[in-house]
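# A closer look at the structure
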Amino acid sequence: MIVLLGVLVVILGFVTRRNPVLVVGVAGIATGLLGKMNPREILAAFGHAFADSRSVTVFAIVLPVIGLLERYGLREQARTLIGKLGKLSAGRFLTVYLLVRQVTAAFGLNNLGGPAQTVRPLVAPMAEAAAERTAGARLPDKLREKVRSYSASADTVGLFFGEDCFIAIGSILLITGFVNSTYHQELEPTQLALWAVPLAVCAFVIHGSRLLLLDKKLEREMALAAAENDLPLPPQASGQSREESAK
């Protein structure tokens, strides 16, 4: 049981807000030493784990591609596209993306989205542009970060609750294999996938409602920010039309 002290190292590292990579590395070394492994065995364990999890490092290939696309105007084109959709607010746009992400994940298409390849270069800029068009003013940095966080949450919730509806996903196969071998059951992946469908529906309803309420939150906080800075309210926030505000 003493090797579990490595978990304590992880908890202390995250509580004190240390570098996650450093925390995990130190915890691994501490666990190996407590398990009476020599330095060579610890290094071999790190190398073996890295070789078996090469997919985790795929982002190192994706990020340069995303950087080149952004350099040549991907974010600007995303903003232009959302600007042509006049009635699509930030909350409505993210709700649509949540639905698309959940449905595609339910069919096993997990790699169509993601924080690096979709949210940062496309979804977040489009949501920001929709919020600015609705508010009629540029978003403060605090609200901009909030829109980005909601964009990331739409991707995460959609993937997390959508992928379990696909019978060939790793988590479903892991659960069925563990239950069947440990408890001598005959659980089928289709049974878990069917039970995951109502959970996915509930997740969409709950988080979709939060996304739709984002527009009201942004409008209220924009009004508060304008009042604090003694700025005139945007026409949408003050309830006036553009013609009245111009007069």
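Structure report, in brief. (Residues numbered from 1 in each chain as written. Predicted model: local features only at pLDDT ≥ 70, side-chain atom pairs only at ≥ 80, totals over all residues. Heavy atoms only, no water.)

### What to know about the overall build of the protein
The condition that has to hold: Secondary structure elements follow DSSP: runs of H or I no shorter than four residues count as helices, runs of E no shorter than two count as strands, and numbering proceeds from the N terminus. When a residue's accessible area, from a 1.4 Å probe over protein chains only, is under 20% of the maximum for its type it is buried; when over 50% it is exposed; and in between it is partly exposed. For this analysis, residues touch if any pair of their heavy atoms sits within 4.5 Å. Here, Shrake-Rupley sampling with a 1.4 Å probe gives the accessible areas, and only protein chains in the shown set may cover a residue.
Within the protein, the regular secondary structure consists of 13 helices and zero strands. If you list the helices and strands of the protein from N to C, you get α-α-α-α-α-α-α-α-α-α-α-α-α. In the protein, which comprises 247 residues, the share counted as buried stands at 30%. Taking the intrachain contacts of the protein between residues at least 6 apart in sequence as the baseline, contacts between residues at least 24 apart amount to 67%. Total accessible area on the protein is roughly 16,200 Å²; 68% of this is exposed by carbon and sulfur atoms.

### Looking at the packing of helix H8 (residues 141-162) against helix H11 (residues 214-228)
Applicable threshold: Inter-axis angles, ranging from 0 to 180 degrees, are taken between N-to-C directions of lines fitted to C-alpha atoms, where helices are fitted over the stretch in contact. Orientation labels follow simple angle bins: below 35 degrees gives roughly parallel, above 145 gives roughly antiparallel, 65 to 115 gives roughly perpendicular, and whatever is left gives oblique. Note on residue classes: Ala, Val, Leu, Ile, Met, Phe, Trp, Tyr, Cys and Pro are nonpolar, Asp, Glu, Lys and Arg are charged, and everything else, Gly too, is polar.
For the pair H8 and H11, interaxial distance at closest approach is 11 Å and the crossing angle is 170°. As summarised for this structure, H8 and H11 are arranged roughly antiparallel, according to the angle between their axes. Between H8, through Leu143, Lys146, Val147 and Tyr150, and H11, the contact on the second element is made entirely by Leu214, Lys217, Leu218, Glu221 and Met222. Tallied by class, residues from the contact of H8 with H11 come to six nonpolar, no polar and three charged.

### Things to note about the pattern of salt bridges
Our working definition: A pairing counts as a salt bridge when a side-chain nitrogen of Lys or Arg comes within 4 Å of a carboxyl oxygen of Asp or Glu.
Following the criterion strictly, the structure yields six salt bridges and no others. A salt bridge links Arg144 to Glu128; the nearest nitrogen and oxygen atoms lie 2.9 Å apart. Taken as a pair, Arg144 in helix H8 and Glu128 in helix H7 (residues 115-135) lie far apart in primary sequence, 16 residues in all. As far as burial versus exposure is concerned, Arg144 and Glu128 are alike and both buried. Across the pair Arg148 and Glu128 runs a salt bridge whose closest N-O atoms are separated by 2.7 Å. Of the two residues, Arg148 is situated in helix H8 and Glu128 in helix H7; the sequence distance between them amounts to 20 residues. When its relative accessible area of 1% is taken as the criterion, Glu128 is described as buried. Each of Glu128, Glu132, Arg144, Glu145 and Arg148 takes part in salt bridges that share partners, so that together they form one network.

### As for the nonpolar core
Heads up, the rule is: Among buried residues, the Ala, Val, Leu, Ile, Met, Phe, Trp, Tyr and Cys ones that are joined through side-chain atoms within 4.5 Å form a nonpolar core.
Phe93 and Leu94 are the most contacted members of the largest nonpolar core, which has 26 residues in total. The set of elements that each furnish at least two residues to this core consists of helix H5 (74-83), helix H6 (90-106), H7, H8, helix H10 (189-212) and H11. By residue number, the principal contributor to this core is H7, which donates eight residues. If we ignore the near neighbours within four places in the chain, the residues touching Phe93 are Ile82, Leu88, Val123, Met126 and Ala127.

### Points about the packing of aromatic side chains
The condition that has to hold: Ring pairs are drawn from Phe, Tyr and Trp, using the six-membered ring of Trp, whenever the two centres fall within 6.5 Å, and their geometry is named by plane angle: stacked under 30 degrees, edge-to-face over 60, tilted for the rest.
On inspection of all chains with the given rule, the structure shows one aromatic pair. Considering the side-chain rings of Phe160 and Phe161, the 5.1 Å spacing of their centres and the 75° angle between planes classify their relative orientation as edge-to-face. A residue is classified by how much of its surface remains accessible, and Phe161, at 30% relative accessible area, is partly exposed.

### Points about H11
Threshold: Given a helix with a known number of residues, its expected span is that number minus one, times 1.5 Å. What the arc covers is the set of directions going from the helix axis to the C-beta atoms.
For H11, spanning 15 residues, the distance from its first C-alpha to its last is 21 Å, which sits close to the expected 21 Å at 1.5 Å a residue. Among all positions of H11, only Leu214, Asp215, Leu218, Met222, Ala225 and Ala226 are buried. Buried positions in H11, seen along its axis, are confined to an arc of 100° and lie on one side of it. Exposed side chains of H11 directed beyond 90 degrees from the buried face belong to Lys216, Ala227 and Glu228. The inward-facing, buried residues of H11 contact H6, H7, H8 and H10.

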